[in-house]
Structure formats: structure tokens, C-alpha cells
Amino acid sequence: MKGELTRVFGRIGLLSFGGPAAQIALMHKELVEDRDWLTEAQFLRALSFCMLLPGPEAMQLATYAGWKRQGIIGGLIGGGLFVLPGALVIFGLALAYGAYGNLPMVQALFLGVKATVVVIVMQALVKIGKRALQRQAHLLIAACGFAALFVFGLPFPLVIAAAALAGALLWDGEKPTTSSAKPDLRGSAWIIAIGATIWASPLILIGIWDQAFLMDVGLFFSKLAVVTFGGAYAVLAYMTQEVVLSYEWLSTAQMMDALGLAETTPGPLILVTQFVGMIAGLANGGVSMALLAGALTLWVTFVPCFIWIFAGAPLIDWLEGQPRLRGVLAGITAAVVGVIGNLSLWFALHVFFSQLNTISWGPVRMIVPVLTTAQPVAIGLACIAGLLLLWRGWALPVVLATMAGLSLILQIAG
């Protein structure tokens, strides 16, 4: 049984390119269509539950499927193998980036990748928007979320909390049809208590060791792990603001390179946090510190995902019967559309213009481009990437490689 679990989830982990939509489709084929490990109803209920949680929903869905098959051991296999291939690639890419990332030819490769990422993020915005904005109230929540972040610079956790409250208050959906039998809250509480202790154990050791930088890394990414509703796209702008402006671990250009590299690897996009931790570690102590920071970031980012599933999976049927919680999910999902809209615009402006200014007027604080600094090569590469992805339907890894190569050729041609 464990051998089959390892083979199936190992294959899913190696093939999980293309973001959560492609990853969820892959798992549906492997777990529902090709095997009877989950029924269609179980798969959809579990997916809805994972979307309600902070963290990468595809990784949590893999954890649930493994848990459903063989308990906690199966969950560790399912979720762990979903993350491991991409994490190993990021370890290598981050070290290589630290050594060679400033070379002109490498920067040319990154320009092609970043131009493609602009299209990928906008594509995610359209897909999620079609699914989430079914009602006028949700459209309003999305617009308010965008304005709160892009125009007024409000904190991301505050936006998500407000959207959750609005969703609960405005919910007028259908009555629940699933059973609302009282769940085993005591068992879930024990799992949360034990899991939280395990999650915090590295930070306790770091405190005893008195490593200020690693403590900052651990605490920041621990906080990020509990507010990542809507996946990595939803928190990237918030994470960028913190790591660039507050902690000064990376530059804005390095942060964009991090996202571009994370798009080229299998596994959840939130692995971008590992890359950020490693680059910050390189600047604060060399390769050994980078490896420690990367491992710590992985731990505090993904251990909570296992805790949510192991504690909450037995409650899925009960949660489905709580209409207000479904309203919370709908509100958060609508806000995520606005959040991703903010990220799309922020990323496009930084790729397409070499100079941006910040406007501050009363509560307004937003960035605007200096139009004379437009980058026609980057804009042209993004247009080509859009044609290949959206019109020709090329696979994402192929488009990323093609655009990186084309950008390099343009750099060489001068």
C-alpha cells in the first residue's frame, strides 16, 4: 500500500507544473478517474475545504487524499511528495542564482521568464474571476480588495479578514444538504496542539541558539503561512512589500526573479518562499546559512498545511453543512480576485517600465509608471508569450523555455 502511494504521489509531484488548476486536474485524473481512491463527491468536498484553508490548496488536497487512503502516514506521503521535487530544484536554482544571477546573459534569460509570468498571473486572474464573481456582492468585494491594496496600501491580512466577514454577512446561498452531525472536536484539538508544538520546535531551538536572522525568517514565514488564503498569487505583493521594504532581504528585481524561477519548477508556487529565504540567507551568512534558511522556510510554510488537514479532514462533512462558513469562503475567494488583480498590475508595471514613482496623497499610496521608461522588448516578449499560451495552447514549461531563449537571442543580437 505504502509503495503504491509513494509511486502515485511521486509521479504527481514530478508532473505538477502549471499552477493549482493544472495540479488539481492531474490529481483528479490519477485519484478519481484512474483509481477509485476518491469518489467525485469526496474529491469536490475536499477541494472546497482546502480552498477555505490558508496555504496551497493543491498540496493540501494531495495530503487529504493520502490521509483518506492510509491515515496520517498516507497524508505525509501525499503532501510530502507533492512538495519535495520542486523544493529540491529550488535548492539548486537558488544557489546558482546567488552565484550567477547578476550576469547580463542570465538577466536576459530572466527577462523572458518574467514577461511570461505577467501573462500567467493575468491568466490566473481571469480563471479565478470567472469562478468566483458569480454575484454582484462578490464583484464589489473584489473591487474593494483591489483598491485597498493598490490604491490605499492596506495590510493584506486586514483585507482577507474584512472579505471573510463580508462574505459571512452577505451569504444568501442555498441551504446545506449534507449532514451536520457533531464532529469530534477533542480529537482535532489534540492534533492541533501536538502539530503546533512540532511546528514551533525549530524556532525554540533557534531562540536557544540565539540566531536573530533565522528567527526573523522563521517568524515571518510562519505568519505568512496562516494568511495565504487564495494561494501564492494572493500574498506575493504583501510578501514583496515585507521582504523588500521592511526586512530588506531582497531587491524588487530579485523578488520578481524569484517568482519567475518558482514558475519553472513542479509543485506549489508558494515554494517561492523557499527561494526568498535562501537568497536572504546567502546575503546573511553564505551557503550554509542559505541552506538553513531554505530548510526553515520550508518547515514553517508547509507543516501547518499538514496540521490543517489532519485536524480538519474528519470535519469536512460537518463544515459543508455550515452556510456561514461557505459564505466566508465565497468572500475570501472574491477578495482574492482583487488581490491577484493588484499583483498583476504591480508585476506588469515593474516588468514593462524601468522607473516607477509613488504617489502619496492623504490615505492614497500607489505606484505609477514613468511612461518614458517603457521597455519595448519586455512588452513584446509578453505579447508573444500570451499568443503562445492563450492562442496556440503551448505547455507552460515550453513557453517559459522559448521566451527565455528568445530574450537571450535578442540580448546577444544587441
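Everything below is about the structure printed above this text.
Residues numbered from 1 in each chain as written. Predicted model: local features only at pLDDT ≥ 70, side-chain atom pairs only at ≥ 80, totals over all residues. Heavy atoms only, no water.

**Q** Go over the overall build of the protein with me, naming the residues and quoting the values.
**A** Secondary structure assignment for the protein yields 16 helices and two strands. For 414 residues, the compact-globule formula gives about 22 Å, and the C-alpha radius of gyration of the protein, at 21 Å, lands near that figure. Principal-axis analysis of the C-alpha atoms places the extent of the protein at approximately 65 × 50 × 45 Å. The burial tally for the protein puts 51% of its 414 residues in the buried class. Across the protein, the fraction of contacts at a sequence separation of at least 24, relative to all contacts at a separation of at least 6, is 74%. When the accessible surface of the protein is summed, it comes to about 18500 Å², and 67% of that surface belongs to carbon and sulfur atoms. When the 21 positive and 18 negative side-chain charges of the protein are each reduced to one mean point, those points stand 5 Å apart. (Helix = DSSP H or I, 4+ residues; strand = E, 2+ residues; numbered from the N terminus. Rg over C-alpha atoms; globule rule 2.2 N^0.38 Å. Buried < 20%, exposed > 50% of the residue type's maximum accessible area, 1.4 Å probe, protein only. Contact = heavy atoms within 4.5 Å. Areas by Shrake-Rupley, 256 points an atom, 1.4 Å probe, with all protein chains shown as cover. Lys, Arg positive; Asp, Glu negative; His and termini not counted. Charge placed at Lys NZ, Arg CZ, Asp CG, Glu CD.)

**Q** Any chance you could break down the nonpolar core for me, citing the residues and the numbers?
**A** In terms of nonpolar packing, the biggest core is built from 134 residues, with M27, F221, Y233, M239 and W249 touching the most fellow members. Of the residues forming this core, the biggest block, 19 residues, is contributed by helix 12 (residues 272–312). Discounting residues that sit within four places of it in the chain, M27 has contacts with I12, V32, F43, A58, L61, A62 and F82. (Core = buried A, V, L, I, M, F, W, Y, C linked by side-chain atoms within 4.5 Å.)

**Q** Any details on a nonpolar patch on the surface? Residues and values, ideally.
**A** A contiguous nonpolar patch, built from W190, I194, I198 and W299 and spanning about 440 Å² of accessible area, is present on the exposed surface. Top contributing element to the nonpolar patch by residue count: helix 8 (residues 185–209), with three residues. Structurally, the position occupied by I194 is in helix 8. (Patch = residues over 30% accessible without salt bridge, like charges linked within 9 Å, V, L, I, M, F, W, Y side chains within 5 Å. Salt bridge = Lys/Arg side-chain N within 4 Å of Asp/Glu carboxyl O.)

**Q** Describe in detail unusual backbone geometry, supporting the description with residues and values.
**A** Apart from glycine, the bulk of residues carry a negative phi angle, and the bulk of peptide bonds sit in the trans form. Phi is positive for D210, close to 65°, though the residue is something other than glycine. Take D210: it is sitting in the loop between helix 8 and helix 9 (212–225).

**Q** So what's going on with the packing of helix 15 (residues 376–391) against helix 16 (residues 396–413)? Which residues, and what values?
**A** Across the interface, helix 15 lies against helix 16 with an axial gap of 10 Å and an inter-helix angle of 150°. Considered as vectors, helix 15 and helix 16 are oriented roughly antiparallel to each other. Both helix 15 and helix 16 take part in a crossing whose hand is right-handed. Counting all contacts with helix 15, which are made through V377, L381, I384, A385, L388 and L389, the residues of helix 16 involved are L396, V399, T402, M403, L406, S407 and L410. Broken down by class, the residue content of the contact of helix 15 with helix 16 amounts to eleven nonpolar, two polar and no charged. (Axes fitted to C-alpha atoms, helices over the stretch in contact; angles between N-to-C directions. Parallel < 35°, antiparallel > 145°, perpendicular 65-115°, else oblique. Left-handed = near helix turned anticlockwise from the far one by under 90°. Nonpolar A, V, L, I, M, F, W, Y, C, P; charged D, E, K, R; others polar.)

**Q** If you had to explain the pairing of strand 1 (residues 356–361) to someone new, which residues and values would you point to?
**A** For strand 1 and strand 2 (residues 364–369), the ladder comprises six bridges, and the chain directions are antiparallel. The partner of S360 across the bridge, within strand 2, is R365. With antiparallel pairing between neighbouring strands as the criterion, strand 1 and strand 2 make up a hairpin whose turn holds two residues, including G362 at a positive phi of roughly 60°. (Pairing = 2+ DSSP bridges.)

**Q** Let's hear about the environment of Y233: which residues, and what values?
**A** Position of Y233 among the secondary structure elements: in helix 10 (residues 232–246). For Y233, a relative accessible area of 10% gives the class buried. Residues Y233 and L125, 108 residues apart in the sequence, show an inter-C-alpha distance of 9.2 Å. Residues in contact with Y233, not counting those within four places in the same chain, are I120, V121, A124, E263, L269, V339, I340 and L343.

**Q** Describe the packing of aromatic side chains, and please don't skip the residues or the numbers.
**A** One pass over the structure, following the stated rule, counts 13 aromatic pairs. Seen from the ring of W37, R35 lies directly overhead, with NZ or CZ sitting 5.8 Å from the centre. One residue, R392, lies across the ring of W391, its end atom 5.3 Å from the ring centre. (Phe/Tyr/Trp six-rings, centres within 6.5 Å; stacked < 30°, edge-to-face > 60°. Lys NZ or Arg CZ within 6 Å of the ring centre and 35° of its normal.)

**Q** Describe the pattern of salt bridges, listing the residues and the values that go with them.
**A** For the structure shown, the criterion picks out four salt bridges. For E30, the salt bridge is made with R35, and the minimal N-O distance between the two is 2.7 Å. Judged by its relative accessible area of 8%, E30 is buried. Through salt bridges with shared partners, a single ionic network connects R11, E30 and R35.

No statement about biological role is implied by the geometric values presented.
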